[in-house]
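These are the residues of each chain, in order.
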Amino acid sequence: MQLNYAGNKSDVIKDVLEYEARGLDVVWIPEAYSFDAPSAMGFLAAVTKTIKIGSGILPIYSRTPALIAMTAAAVDELSGGRMILGLGSSGPQVIEGWHGVPYDKPLARTREVVEICRSVWRREPLVHHGLYEIPLPPEKGTGLGKPLKLINHPLRSTIPIYIAAIGPKNVEMAAEIAEGWLPIFFVPEYKDRVWKQAIDKGLSRRSDELGAFDIVAGGLLAIGDDVEHLLDLARPQVALYVGGMGAKGKNFYNDLAKRYGFEREAEEIQELYLAGKKDEAAKAVPSELLRLSNFVGPRGYIEERVAAFKEAGVGTFSVTPVGKDKYESFSIFRELTL
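Q: For the sheet that holds strand E9 (residues 295-297), give the residues involved together with the corresponding values.
A: On the basis of which strands lie adjacent, the open sheet formed by 3 strands has the order E9-E8-E11 and parallel pairing. Each end of this open sheet is capped by a strand with a single partner; those strands are E9 and strand E11 (320-321). Note that strand E8 (residues 220-223) and E11 share 2 bridges and pair parallel. Across the sheet, the residue bridging to Leu 220 is Thr 320, located in E11. Seen against the sheet, helix H14 (residues 326-337) touches E8, E9 and E11 and runs at an angle of roughly 95° to E8.

Take a look at the structure:
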C-alpha cells in the first residue's frame, strides 16, 4: 500500500496499523515535493512490527548516492531489517523545478547509485569512477578526499532495491539490476506489447544472486456489487500524471498512455490539463484504463483481475482501499492473493 502525500498523519498511522493487523506486507512512502520520505519511514519503523517499509520513491537527484545508502541502512536498522529502497529518477519538472538540479543521464545515474549503495552496505572503502567520482579528484576539490567506509555495521549487507520505471530502457535496466520494479498504471493485458522485450533483455543479463524479479502493481481497491463509481476517485491522479507531470513532448506518463493505445485521449487530457481545465481532463481519462489498472468490482471480477495480474508476473499487489467497506475489501483481497 502506498501512503498519501498529503494525508492527515494521525489517520494515516491508524490505517497502517489496522492494515498491518489484517496482513499488510509492505507500505510505500512517497516523496515528490512533499514532506521527505525517510522521516515518515523512521517513524513507521517505531510504531509497526511486521510490515516492510519502502521508499516509494526516493528521487536519485535529491541526495548523494552515499546519503541514499546511509539512509536505507539506518531505516533498515531501526526497523529490524524491514527496509526496501525504492528509487526513481522522477522527472525534470520536479528535479529542476524543486531541487534545482539538472535532469541529466537518468539511466546511467540510477545504475551508478545502485552500485554505490551496494558497495556502502558491504562496508567497502568507497571508490567509484563514473558520473559520480568518489573520492572527488584533487582537481575538482581540495585533494584531501580519501576512500571511506560506513562507520556502522549495517544490519544487512544487501537491502532490496526496487526501481520505478516506465520507458523501455529504464525497465530493461530494472530487470537487470534491481530486486523489483515499480511501474505505474500497470495493465497486465498491455504488458507484453509495451514491456516484454525490455524485461526479457534485462533478465538475460540478470545475476542469479538477485533472485526472482518482483513486479509491484495495482491501484484502487473496492470489492462489492455497487462500487464501480469509486473508479472515478482515480481520475484526478491519472489526469495529473498524464496531463500535468511534465510538458508537451516531455511527459513520460503521457507517453505511456499513448503506448497503451490511448493516443487521442492522452493528447486531450494533456491539452485540457495544461489549459487549467483539470476537471475536464479527469473526465477525459479512459474508463478502460481505470477498469483494467484498478481492483474495483464484484468479488468474482476481482478474482479474475488478480489472476490476470499474476499471469503478467506481478508478485506484490499494491492497493489503495477506498469506500465505506475498505477494511473488509482489504481482508477479502488478502485472501484472494494468497
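Q: Would you mind going over the nonpolar core in detail, with residue names and values included?
A: Within the largest apolar cluster, 104 residues are counted, with the highest numbers of intra-cluster contacts made by Leu 85, Trp 121 and Trp 181. Residues in contact with Leu 85, not counting those within four places in the same chain, are Ser 55, Leu 58, Ile 68, Ala 72, Cys 117, Trp 121, Ile 159, Pro 160, Ile 161 and Tyr 162. Residues Val 26, Ile 57, Leu 182 and Val 216 belong to the second largest nonpolar core, which totals 7 residues.

Q: Give a detailed account of the packing of helix H1 (residues 9-21) against helix H2 (residues 37-47), specifying residues and quantitative values.
A: For any two helices packed against each other, one specifies the crossing angle of their axes together with the interaxial distance. H2 packs onto H1 with a crossing angle of 50° between their chain directions and a minimal axis gap of 11 Å. Relative to H2, H1 is oriented oblique. Here the hand of the crossing between H1 and H2 comes out right-handed. On the side of H1, the interface is formed by Ile 13, Val 16 and Leu 17, while H2 contributes Phe 43, Leu 44 and Val 47. Here the residues of the contact of H1 with H2 sort into 6 nonpolar, no polar and no charged.

Q: For the packing of aromatic side chains, give the residues involved together with the corresponding values.
A: This structure, assessed with the given rule, holds 20 aromatic pairs. Centre to centre, the rings of Tyr 33 and Trp 98 are 6.0 Å apart; their planes meet at 50°, and the pair counts as tilted. With Tyr 33 in the loop between strand E1 (26-29) and H2 and Trp 98 in the loop between helix H4 (92-97) and helix H5 (106-121), the pair connects residues that are 65 residues apart, well separated along the chain. Under the relative-accessibility criterion, Trp 98 is labelled exposed at 53%. Here Phe 295 and Phe 309 contribute two aromatic rings whose centre-to-centre distance is 4.7 Å and whose plane-to-plane angle is 50°, an arrangement assigned as tilted. Residue Phe 295 is found in strand E9, and its partner Phe 309 is found in helix H13 (residues 299-311); the two are separated by 14 residues along the sequence. The class for Phe 309 is buried, based on a relative accessible area of 0%. Connected via pairs of aromatic rings, a cluster forms that spans Trp 181, Phe 186, Tyr 190, Trp 195, Tyr 260, Phe 262, Phe 295, Phe 309, Phe 317 and Phe 333.

Conventions used here
Position labels on residues start from 1 in each chain and follow its written sequence. Restriction of local features to residues with pLDDT of at least 70 applies here, the model being predicted, together with a cutoff of 80 or more for giving and counting side-chain atom pairs; totals for whole chains, interfaces and linings are based on all residues. Hydrogens and water are ignored here; the side-chain numbers use all heavy atoms of the structure. We treat two strands as partners when DSSP finds at least two bridges between them. Starting at the N terminus, helices and strands are each numbered in turn, a helix being any DSSP run of H or I of at least four residues and a strand any DSSP run of E of at least two. Any pair of residues with heavy atoms lying within 4.5 Å of one another is described as a contacting pair. A fitted line through C-alpha atoms serves as each axis, taken over the contacting stretch for helices, and the angle formed by two N-to-C directions is quoted from 0 to 180°. What is meant by a nonpolar core is a set of buried Ala, Val, Leu, Ile, Met, Phe, Trp, Tyr and Cys residues, joined one to another through side-chain atoms within 4.5 Å. Classification of residues uses two cut-offs on accessible area relative to the type maximum, computed with a 1.4 Å probe and protein chains only: under 20% is buried, over 50% is exposed, and between them is partly exposed. Roughly parallel means an angle under 35 degrees; roughly antiparallel means over 145; roughly perpendicular covers 65 to 115; every other angle is labelled oblique. If you view the pair so one helix is near and one far, a crossing is left-handed when the near helix is turned anticlockwise from the far one by less than a right angle, and right-handed when it is turned clockwise. Classes in brief: Ala, Val, Leu, Ile, Met, Phe, Trp, Tyr, Cys and Pro nonpolar; Asp, Glu, Lys and Arg charged; the others, Gly included, polar. Planes of paired rings set the category: under 30 degrees apart is stacked, over 60 is edge-to-face and the rest tilted, where pairs are Phe, Tyr or Trp rings (Trp by its six-membered ring) whose centres lie within 6.5 Å.

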